[in-house]
Amino acid sequence: MPIRGPFLPPLVPLTAPGAETERERATPGSGMASSEARVSIGDGGGREEDEAVAKGIVERIRSEDVECRIQAASEIRRLTKTSSKHRRQLSDAVEPLVVMLRSGEPQSGEAAILALLNLAVKDERNKIRIVDAGAVEPLIGFLQSTNLCLQEYATAAILTLSASSINKPTISAAGAIPLLVKILRDGNSQAKIDAVMALYNLSTIPDNICTILSLRPIAPLINLLKSCNKSSKIAEKCSALLESLMAFGEGRTALTVEAGGVLTVVEVLEEGSPQSREYAVGALLTMCESDRCRYKEVILGEGVIPGLLELTVQGTPKSQSKARTLLQLLRNSPYSRSELPAETLENIVSNIVSHIDGEDRAGKAKKMLAEMVQVSMEQSWRHLQQRAFVCTPTELSLGNCPSEVPSK
């Protein structure tokens, strides 16, 4: 029977924009551990006793008995799910666990992946040691597995290992990116999320952006972005990837021809976290700066003006600057004044002013709004009409991406 359990924290909270992400798995309990393993590290013993227990577990990983190896891997997984101390003490298990990965036996492979995953979480040395031991090649094989659980676990492992900058070139060279994009397109819901996070980690190598773009990731990125909570970490990573991909004409074209593509980015700009909104406005600005005549009407057609105006007064410093620049690029328009009810304008003004301290800034916001009214009224009305007819998938249950899931 496969060794399964809930994730401990599905996503490590971002400590700063651009921070790497990783995944870890929690073990339901120690019920699968052998009788010898039930005296665990830290069970009241001293350092020497802990080292002896750790050595015994590592020896069982090297056993010729398959069931013994699986039980030892399960014990490692349990001990390392929350303890950095145990990750250090059991680091010698990395090499024999990688040997288990290569066995080709699904149950052994699953047990080894999950043990290695917990050994790697929040431990840079173990991440590097796992890759140096040759884990990437068999993990790449599991990414191609028809067993969706094994594929999901391998994706989580690649995500965690790719959080180390030292590992990124090795993972990229092994051919992970095409498989991650395929999983983003066809995998189960959790695997898609982990694939996006891994692609984001790998995208910090400039050459990898071109590789990702060549695999046509825009449609699956937009589909995931439509289905997730716009203020989630998933939305942040999707938006960050999209902003990077907008630097290329192929990426911009793919976004504009994708049904609801630009609209989805506008929705992130309006509803996302501060970081997501910054990525979203950056993506739209990159498009407009690359070819204003081509993309101005496309962006205006999604009713972006109210969100941009709000962003100029309550976004991050970068968001405010980008929003102001984009507004300037969009301000000249052939559209005539629309018949949108005046109370809609009043609501927009009230919303903006409510976030401003000081009459001077409020006056500037009102002036900017007045300058843009000719465009915003008709385009906002079109935006509302279009949203009434655009149906998006039901939000994935994992889209909210809580920072922690209780273990069972």
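Rules used in this analysis
Residues numbered from 1 in each chain as written. Predicted model: local features only at pLDDT ≥ 70, side-chain atom pairs only at ≥ 80, totals over all residues. Heavy atoms only, no water. Helix = DSSP H or I, 4+ residues; strand = E, 2+ residues; numbered from the N terminus. Buried < 20%, exposed > 50% of the residue type's maximum accessible area, 1.4 Å probe, protein only. Salt bridge = Lys/Arg side-chain N within 4 Å of Asp/Glu carboxyl O.

Engineer: Looking at this structure, how should I read unusual backbone geometry?
Structural biologist: Both trends apply: most residues other than glycine have a negative phi, and most peptide bonds are in trans. One non-glycine residue, Lys122, adopts positive backbone phi at about 60°. The residue Lys122 is located in the loop between helix 5 (106-120) and helix 6 (124-132) in this model. Classification of Lys122 by relative accessible area gives exposed; the value is 55%. Phi angles above zero are rare outside glycine, and Arg216 is one such case at about 55°. Within the secondary structure layout, Arg216 lies in the loop between helix 12 (206-214) and helix 13 (218-227).

Engineer: Explanation requested: the environment of Ala173 in the structure shown.
Structural biologist: By the element assignment, Ala173 lies in helix 9 (residues 168-173). Using a relative accessible area of 69% as the deciding quantity, one classes Ala173 as exposed. With 35 residues separating them in the primary sequence, Ala173 and Asn208 have C-alpha atoms 9.9 Å apart.

Engineer: What is the right way to look at the pattern of salt bridges in this model?
Structural biologist: A full pass over the atoms with the stated rule returns 8 salt bridges. Across the pair Arg78 and Glu75 runs a salt bridge whose closest N-O atoms are separated by 2.8 Å. Residue Arg78 and its partner Glu75 are both found in helix 2 (residues 66-80); the two are separated by 3 residues, about one turn of the helix. With relative accessibility at 22%, the residue Arg78 sits in the partly exposed group. When the shortest N-O distance is used, the salt bridge between Lys296 and Glu297 registers 3.7 Å. What you see here is one network of salt bridges that share partners, running through Asp92, Glu95 and Arg129.

Engineer: Would you take a moment to explain the environment of Glu152 for this structure?
Structural biologist: Tracing the backbone shows Glu152 in helix 8 (residues 148-161). In this structure Glu152 comes out as buried when scored by relative accessible area, which is 11%.

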